[in-house]
Amino acid sequence: MRVLSGIQPSGSLHIGNFFGMMRQMIGWQEKSELYCFIVNLHALTSVTDGQLLAINTMEAAMDFLALGLDPDKCYFWVQGDVPEHAELTWILHNHTSMGLLERSHSYKDKLARHFTPNHGLFAYPVLMAADILLYQANLVPVGKDQKQHLEIARDIAGAFNHVYGETFVMPEAAIDKTLATIPGIDGQKMSKSYGNAIDIFLEKDELKRRVMAIVTDAKAVSDVKDPDTCNLFGIYRLFLDAEGQAELRERYLKPGLKYSEVKKELIEVIWSFFAPFREKRLELARKPNEVRQIMSEGAIKARKVATITMDVVREKVGLIY
Ligand code: ADP
Ligand code: TRP
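Residues numbered from 1 in each chain as written. Chains lettered and ligands numbered in written order. Predicted model: local features only at pLDDT ≥ 70, side-chain atom pairs only at ≥ 80, totals over all residues. Heavy atoms only, no water.

Colleague: Describe the overall build of the protein chain, with residues and values.
Modeller: Along its length, the protein chain carries 13 helices and five strands. At 21 Å, the protein chain has a C-alpha radius of gyration in line with the 20 Å of a compact globule built from 321 residues. Counting only C-alpha atoms and orienting by the principal axes, one finds that the protein chain spans roughly 75 × 45 × 40 Å. Burial analysis of the protein chain (321 residues in total) assigns 48% to the buried set. A separation of at least 24 residues holds for 77% of the contacts in the protein chain among residues at least 6 apart in sequence. Summing over all exposed atoms, the protein chain offers an accessible surface of approximately 15500 Å²; the carbon and sulfur share of this is 54%. Distance between charge centroids for the protein chain: 3 Å, based on 38 positive and 41 negative side chains. (Helix = DSSP H or I, 4+ residues; strand = E, 2+ residues; numbered from the N terminus. Rg over C-alpha atoms; globule rule 2.2 N^0.38 Å. Buried < 20%, exposed > 50% of the residue type's maximum accessible area, 1.4 Å probe, protein only. Contact = heavy atoms within 4.5 Å. Areas by Shrake-Rupley, 256 points an atom, 1.4 Å probe, with all protein chains shown as cover. Lys, Arg positive; Asp, Glu negative; His and termini not counted. Charge placed at Lys NZ, Arg CZ, Asp CG, Glu CD.)

Put into structure tokens, the structure is as follows:
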């Protein structure tokens, strides 16, 4: 089975990305044919500082490698290094209705946040559909927020198959239902672009600063508190098993819990959770050329698979003459 997912290098990767996507992906390399890539073309819809995008792309590669993604056990590459992503996107545009894209929640959300819309942002789901269909992926593990993008990809695949006959595999989304959207320190969805994230590999001082800044309600120590509406609980629980979560919940429901104490505990919990990977991360940062080499070999490997699909697509749509 082919499992595929991508992540945008639009900022440093954070614990929402880790629990929402990266951890599952790293798990899949043991049990499936895994395709994991860094979607720098998608990031162009929000990042206009070229140097920054290049840095973030390298950092995302290093984060994945440090956390255990093994390029010998999977396909791991940077989207922009395989030109077929962009080529297939153009072909798929011609099988995508305007209405489908106009209904996209992520596009509407961005509009509501007063981002100036451009065509790249509008067409974002088509590039994502191309990413998936190019590799004939069966399963796409993503966070809940990406569900509609998967539906759009299926729609586009169906439209193309309808015109040209069975060409693309229908991808399925794999969404971890037990995992609600992870809140950021301000209680909105944790996101690279909202300035509310706790990055995976922060320096300890910065980690402290971020955790201490988690917004909590104004209840007094003597009040009982509500774990289900608390950002601090929403983040802390990710690092706990069922038993640990039940214990923390108990503490919330009894008078006496101090948010500042819980925050101090959480700093240590996050620090030690990622400790086993920090050494590897530092080592990779010292050898950027090795990382570039890994990514360029990854692109060659991925491109071989992409070419198999594109040979068929080019023939069907009439680009071979
Ligand atoms: P960001 O919003 O930080 O830019 P992306 O949209 O690039 O993150 O998402 C990358 C992956 O991480 C996706 O699969 C997404 O669903 C997941 N993800 C991102 N933020 C969260 C979050 N707050 N909670 C759960 N999953 C998330
Ligand atoms: N849109 C996805 C996100 O922001 C990233 C992405 C791009 C992706 N192409 C993909 C995810 C293909 C899964 C499959 O999270």
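Colleague: Got a sec to walk through a negative patch on the surface? Specific residues and values, please.
Modeller: Where like charges cluster on the molecular surface, the negative patch consists of Asp 241, Glu 243, Glu 247 and Glu 250. Residue position: Glu 250 is located in helix α11 (residues 242-253). Among the residues examined, Glu 250 registers a relative accessible area of 44% and is labelled partly exposed. (Patch = residues over 30% accessible without salt bridge, like charges linked within 9 Å, V, L, I, M, F, W, Y side chains within 5 Å. Salt bridge = Lys/Arg side-chain N within 4 Å of Asp/Glu carboxyl O.)

Colleague: Give me the site of ligand 1: which residues, what numbers.
Modeller: Around ligand 1 lies a shell of 17 residues, among which His 14, Asp 145, Ile 182, Lys 189 and Lys 192 are the nearest. One of the side-chain nitrogen or oxygen atoms of His 14 is found 2.7 Å away from an oxygen atom of ligand 1. For ligand 1, the accessible surface in isolation is 530 Å², of which the surrounding protein chains cover 93%. Ranked by residue count, the leading element in the shell around ligand 1 is helix α1 (residues 15-28), at four residues. The class makeup of the residues in the shell around ligand 1 is five nonpolar, nine polar and three charged. (Near = heavy atom within 4 Å. Polar contact = N/O pair within 3.5 Å; in protein donor to acceptor, adjacent residues only side chain to side chain. Nonpolar A, V, L, I, M, F, W, Y, C, P; charged D, E, K, R; others polar.)

As far as function goes, none of this settles anything; it's purely spatial.
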